[in-house]
Amino acid sequence: MGKILVTGGTGFIGSHTAVELINAGYEVLLVDDFSNSNPKILTQLETITGQNPDFTELDLCDEQKVTDFVAAHPDITGVIHFAAFKAVGESVNFPLKYYRNNFYSLINVITAFNSNVNLVFSSSCTVYGQPDQLPVTEDAAVKVAESPYGNTKQIAEEILRDTCAVSPDLKVISLRYFNPVGAHNSALIGELPIGVPQNLVPFITQSAIGKRGPITVFGNDYNTPDGSAVRDYIHVVDLGKAHVAAIQRLESAKAEGNYEVFNLGTGKGSSVLEIIQAFESSTGEKLDYKIGPRREGDVEQVWGDVTKSAEGLGWKAELDVNEMMLSAWNWEKYLKDNPF
Ligand code: UD1
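Peer 1: Would you mind showing me how to read the site of the ligand here?
Peer 2: Looking at the ligand, there are 17 residues lining it, with Leu200, Thr216, Arg231, Arg295 and Asp298 nearest. The separation between an oxygen atom of the ligand and a polar side-chain atom of Asn199 is 2.9 Å. Within the side chain of Arg295, a nitrogen or oxygen atom sits 2.8 Å from an oxygen atom of the ligand. Coverage of the ligand by the protein chains reaches 89% of its 750 Å² of free accessible surface. When residues of the shell around the ligand are assigned to their parent elements, the largest contribution, three residues, is made by strand β8 (residues 215-218). Counted by class, the shell around the ligand contains eight nonpolar, six polar and three charged residues.

Right, dumping it as structure tokens:
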């Protein structure tokens, strides 16, 4: 088995993917600058996997340091590049912070490998905006981005596609995530939002544990069955497994060309009110919520067509919204007793 470099390896999706890579028999090399993660995640990973993952604190925007790091690890066989800023609202207020970090890090990584590596990139369903057809397939038009964050995902995909076109030794899969939620079933790792969570599920768990006030449902006048907005929520453990499948595809000769894109979702949409209900029924906790106005920039409904990922990656999401909510809740309770 190979050695996989996981950038952003102590982050939410990075840490869950590290576990699945180790479970699948890969060696992992984690790097992070802890700008949006906690060093304690490394201890948690060791408890979960029984292995002490190799870790280096590294700022990927420092080109020389990235070059030196890659030169010192000639046995790396693949890269999963998670490291990026991801807060939509912050990106509107600080666009250069987002463009600088998300592009420099990606470009430095590709350059350090001399455009000769297998690379999996974290993209997002945000590139589709409000799709014209649902479920949305990978062929759907990319819409004008609603935020600098969304734009970094679109442009990063273009950077990768254009570079692959002239670099046959660079093999890339961009994974377009729908809405990643949930936590590892050990409850030892999960999402660690800084400040007031902007995303629905961390807000729900923090509200339920008493850290926040009532939940506001952003709009109940959408053209959806219950009026609240619909998303394709996906369990972060399923997402981690999909990254292993993507690395395996790059290692095999199966890929079509050297640049491919796959949706990662469940293929099923859930409304905000359905998510609230799933949380209540799976945990037995009652939530306090009120209906508020729509949030600016939100799309009405989006869920993914996952046919291509089932065929190309041999992967399918297995965990449902109840398991997503219960695991997120168990993680929130763990954090209360074991603050980071
Ligand atoms: C956003 C980003 C997506 C990113 C994801 C995770 C866009 C369009 N989407 O997704 O790219 O991958 O965050 O970081 O940029 N909601 C409430 N009350 C709340 C919070 C949310 O009702 O307190 C609703 C939202 O209006 C939305 C749904 O819950 O309908 C999900 O929201 P959220 O978790 O923030 O994710 P997205 O906005 O879908």
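Peer 1: Would you explain unusual backbone geometry in this entry?
Peer 2: Glycine aside, residues mostly have negative phi, and peptide bonds are mostly found in the trans state. A cis geometry characterises the amide bond from Leu134 onward to Pro135, with omega recorded as -5 degrees. Here Pro135 lies in the loop between β5 (118-124) and α6 (148-166). Look at Ser115: it is not a glycine, yet its phi comes out positive at around 50 degrees. By the secondary structure assignment, Ser115 is in the loop between α5 (95-112) and β5.

Peer 1: Help me understand empty space enclosed by the protein, please; the structure alone is not making it clear to me.
Peer 2: A water-sized probe, rolled over the atoms, reveals where empty space remains. Tallied over the full model, the rule gives one cavity of 30 Å³ or more. As a volume, the largest cavity reaches approximately 50 Å³. Lining of the largest cavity is provided by His81, Ala83, Ala84, Asn102, Leu106, Phe121, Thr152, Lys153 and Ala156. Elements with a minimum of two residues in the lining of the largest cavity: α5 and α6. Of the residues that constitute the lining of the largest cavity, the class distribution is five nonpolar, three polar and one charged.

Peer 1: Teacher, can you tell me more about the layout of surface pockets here?
Peer 2: Estimates place the volume of the second largest pocket at around 340 Å³. Those elements giving two or more residues to the lining of the second largest pocket turn out to be α7 (200-208) and α11 (321-337). Among the elements that make up the lining of the second largest pocket, the one with the highest residue count is α11 (five residues).

Peer 1: Just checking my understanding: could you explain the packing of aromatic side chains for this structure?
Peer 2: Each aromatic ring pair is specified by the distance between its two centres and by the angle formed by the two planes. All chains considered together, the criterion is met by seven aromatic pairs. The interplanar angle of 55 degrees and the centroid separation of 5.4 Å between the aromatic rings of Phe85 and Tyr98 together place this pair among those described as tilted. Pair noted here: Phe85 is in the loop between β4 (76-81) and α4 (88-93) and Tyr98 is in helix α5, with a separation of 13 residues, a long-range link. For Tyr98, a relative accessible area of 1% puts it in the buried group. With 6.0 Å between their ring centres and 15 degrees between their planes, Trp331 and Tyr334 make a pair best called stacked. One end of the pair, Trp331, and the other, Tyr334, are both in helix α11, three residues apart, so they sit about a helical turn from each other. The class for Trp331 is buried, based on a relative accessible area of 3%. Clustering of aromatic rings is evident, with ring pairs tying together Trp331, Tyr334 and Phe340. The side chain of Lys97 reaches across the aromatic face of Phe85, ending 5.0 Å from its centre.

Peer 1: What is the right way to look at the side chain of Ser122 in this model?
Peer 2: As for its placement among the helices and strands, Ser122 is situated in strand β5. In this structure the side chain of Ser122 is engaged in a polar contact, spanning 2.8 Å, whose partner is the side chain of Tyr177. Leaving out residues up to four positions away in the same chain, Ser122 has contacts with His81, Phe82, Lys153, Leu175 and Tyr177.

Peer 1: In this structure, what is going on with the nonpolar core? I would like to understand it.
Peer 2: In a soluble, globular protein the nonpolar side chains are often hidden away together inside. Ranked by size, the top nonpolar core spans 35 residues in total, and within it Leu21, Leu175, Leu264 and Leu313 carry the most contacts. Counting only elements with at least two residues in this core, the list comes to β1 (3-7), α1 (12-23), β2 (27-32), α2 (40-49), β6 (171-177), α8 (236-251) and β11 (259-264). Among the elements that line this core, the one with the most residues is α8, at eight residues. Residues contacting Leu264, with those up to four places away along its chain left out, are Leu175, Arg176, Tyr177, Phe178, Ile234, Leu239, Ala242, His243, Ser309, Leu313 and Trp315. The next biggest cluster of nonpolar side chains, apart from the first, holds 26 residues, and it includes Leu5, Phe113, Leu170 and Val261.

Peer 1: Would you take a moment to explain the pattern of salt bridges for this structure?
Peer 2: When the charged atoms of two side chains with opposite charge come close together, those side chains can pair. Tallying each qualifying case throughout the model produces 12 salt bridges. Ionic pairing is found between Asp75 and Lys3, a salt bridge with its closest N-O pair at 2.9 Å. With a gap of 72 residues between them, Asp75 in the loop between α3 (63-71) and β4 and Lys3 in strand β1 connect regions that are remote in the sequence. Asp75 gets classed as partly exposed once you look at its relative accessible area, which sits at 40%. For Lys286, the salt bridge is made with Glu280, and the minimal N-O distance between the two is 3.2 Å.

What counts, and at which threshold
Residues numbered from 1 in each chain as written. Predicted model: local features only at pLDDT ≥ 70, side-chain atom pairs only at ≥ 80, totals over all residues. Heavy atoms only, no water. Near = heavy atom within 4 Å. Polar contact = N/O pair within 3.5 Å; in protein donor to acceptor, adjacent residues only side chain to side chain. Areas by Shrake-Rupley, 256 points an atom, 1.4 Å probe, with all protein chains shown as cover. Helix = DSSP H or I, 4+ residues; strand = E, 2+ residues; numbered from the N terminus. Nonpolar A, V, L, I, M, F, W, Y, C, P; charged D, E, K, R; others polar. 1 Å grid on protein atoms, 1.4 Å probe; cavity = no way out; pocket = protein on both sides within 12 Å on 5 of 7 lines; lining within 4 Å. Points joined across faces, edges and corners; volume = space filled by probe spheres on them. Phe/Tyr/Trp six-rings, centres within 6.5 Å; stacked < 30°, edge-to-face > 60°. Buried < 20%, exposed > 50% of the residue type's maximum accessible area, 1.4 Å probe, protein only. Lys NZ or Arg CZ within 6 Å of the ring centre and 35° of its normal. Contact = heavy atoms within 4.5 Å. Core = buried A, V, L, I, M, F, W, Y, C linked by side-chain atoms within 4.5 Å. Salt bridge = Lys/Arg side-chain N within 4 Å of Asp/Glu carboxyl O.

Honestly, it's all geometry; don't read function into it.
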